[in-house]
Amino acid sequence: MEEGQRQKPKKRRKLFWICIFVVVILVVVGIVLWVTLRKKSEAEEFKAVFTSRCKAYIEGYDCEKTWSAFQHAYVGKDPCLVPPDAYQLLVDAAPFEPACNRMMFWSKTKDVVHDLTSKRDCFITMEDTFLGTVLNELTWCSKEGSSDTFTSGCPGWTDCVNNTVSSFWSKASESYAQVACGSVSVMLNGSIAVPFNPTSIFASIEVKNFNPAIMKSLKVVLVTQEKEVSDCANPSLKNLQKELAQGIAYSCQEVPESQIQECALQPHKPCGSCW
Ligand SMILES: *[C@@H]1O[C@H](CO)[C@@H](O)[C@H](O)[C@H]1NC(C)=O
Ligand SMILES: *[C@@H]1O[C@H](CO)[C@@H](O)[C@H](O)[C@H]1NC(C)=O
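Keep in mind the model is a prediction, meaning the values are calculated, not measured.

With respect to a nonpolar patch on the surface
Piece 1. Taken together, the side chains of Phe16, Trp17, Ile20, Val24, Val28 and Val32 define a hydrophobic patch exposed on the protein surface, amounting to about 580 Å² of accessible area.
Piece 2. With respect to the helices and strands, Phe16 occurs in helix α1 (residues 2-57).
Piece 3. By relative accessible area, Phe16 is classed as partly exposed at 45%.

Some details on the packing of helix α4 (residues 110-119) against helix α9 (residues 257-264)
Piece 1. It is the contact of α4 with α9, at a shortest axis distance of 9 Å, that shows an interaxial angle of 20°. One finds that α4 runs roughly parallel with respect to α9. Two packed elements cross with a definite hand, and for α4 against α9 that hand is left-handed. Residue-level contacts link Val112, Asp115, Leu116 and Lys119 of α4 to Glu257, Ile260, Gln261, Cys263 and Ala264 of α9.
Piece 2. Of the residues in the contact of α4 with α9, the class split is five nonpolar, one polar and three charged.

Observations regarding the pattern of salt bridges
Piece 1. Here the structure, examined in full by the defined rule, presents six salt bridges.
Piece 2. Residue Glu64 pairs with Lys47 through a salt bridge whose shortest N-O separation is 3.2 Å. One end of the pair, Glu64, is in helix α2 (residues 63-74); the other, Lys47, is in helix α1, with 17 residues separating them in the sequence.
Piece 3. A residue is classified by how much of its surface remains accessible, and Lys47, at 27% relative accessible area, is partly exposed.
Piece 4. Between Glu243 and Lys208 there is a salt bridge whose closest N-O contact spans 3.8 Å. Here Glu243, found in helix α8 (residues 235-243), pairs with Lys208, found in helix α7 (residues 201-209); they are 35 residues apart in sequence, far enough to count as distant.
Piece 5. Overall, the relative accessible area of 55% leaves Lys208 in the exposed class.
Piece 6. Where salt bridges share partners, they join Asp85, Lys171 and Glu174 into one cluster.

Definitions and limits used
Residues numbered from 1 in each chain as written. Chains lettered and ligands numbered in written order. Predicted model: local features only at pLDDT ≥ 70, side-chain atom pairs only at ≥ 80, totals over all residues. Heavy atoms only, no water. Patch = residues over 30% accessible without salt bridge, like charges linked within 9 Å, V, L, I, M, F, W, Y side chains within 5 Å. Areas by Shrake-Rupley, 256 points an atom, 1.4 Å probe, with all protein chains shown as cover. Salt bridge = Lys/Arg side-chain N within 4 Å of Asp/Glu carboxyl O. Helix = DSSP H or I, 4+ residues; strand = E, 2+ residues; numbered from the N terminus. Buried < 20%, exposed > 50% of the residue type's maximum accessible area, 1.4 Å probe, protein only. Axes fitted to C-alpha atoms, helices over the stretch in contact; angles between N-to-C directions. Parallel < 35°, antiparallel > 145°, perpendicular 65-115°, else oblique. Left-handed = near helix turned anticlockwise from the far one by under 90°. Contact = heavy atoms within 4.5 Å. Nonpolar A, V, L, I, M, F, W, Y, C, P; charged D, E, K, R; others polar.

This is the structure in structure tokens:
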């Protein structure tokens, strides 16, 4: 009787430590499971957005094939070591379709140009094309040795040049510019000192990829606001003219932003009379 009573606290202590041990194990397993499942759902959610946008764009399109060509570009790679050409297979699988006389480029005029293209069918920008629509505003990357897609913690412009997302847009801009045909337009910003900025995607990639065999002309629509900073005589626009391949005619017109917004609101007005 005395012996038994002395042993009880010992047994209790042992039980206590076993309980602590089990709780710790459960917490660790829980955390591991939560992290894995969350990552899985990040990847699954991304694929779901990709696939639903793909299916909505063209009925009957082989979205699985597009998805695997897309994955080929970045999965398993260091997200800072994905150059634009990694997306070659993707743009081959889903080539940019030329839309002669309706193709619109832009630089520093994103809002006004997309306000117009979302309301009127007159022009299309790269963001209105198949790949542009599917990947617009998305972030994605993988890791060396991983087969996963992550949507958070991915490097951007400020981290490295050859990052997963920027490289896609560089490749897409190059491919879209290569098929630009007929009369092409670009909306530039007249409220800044250098509307044609050499570091912009338009100057550094798109202009260099215009093909004079299929492209007749480039029209600059210089969007002006109340306080006009630059006009068509701006020195940077002279540079643009010089950089255009021979055989592509150049013109420039200053157009108030309000006029473009009005045009967006008049669905029955012919496109040609917007400016
Ligand atoms: C990015 O990739 C291109 C093409 O592979 C390469 O020429 C360039 O040096 C890379 N840039 C940097 C900063 O790593
Ligand atoms: C032009 O750039 C300025 C300064 O970044 C910006 O405030 C303005 O909205 C831009 N204009 C257009 C038409 O996008």
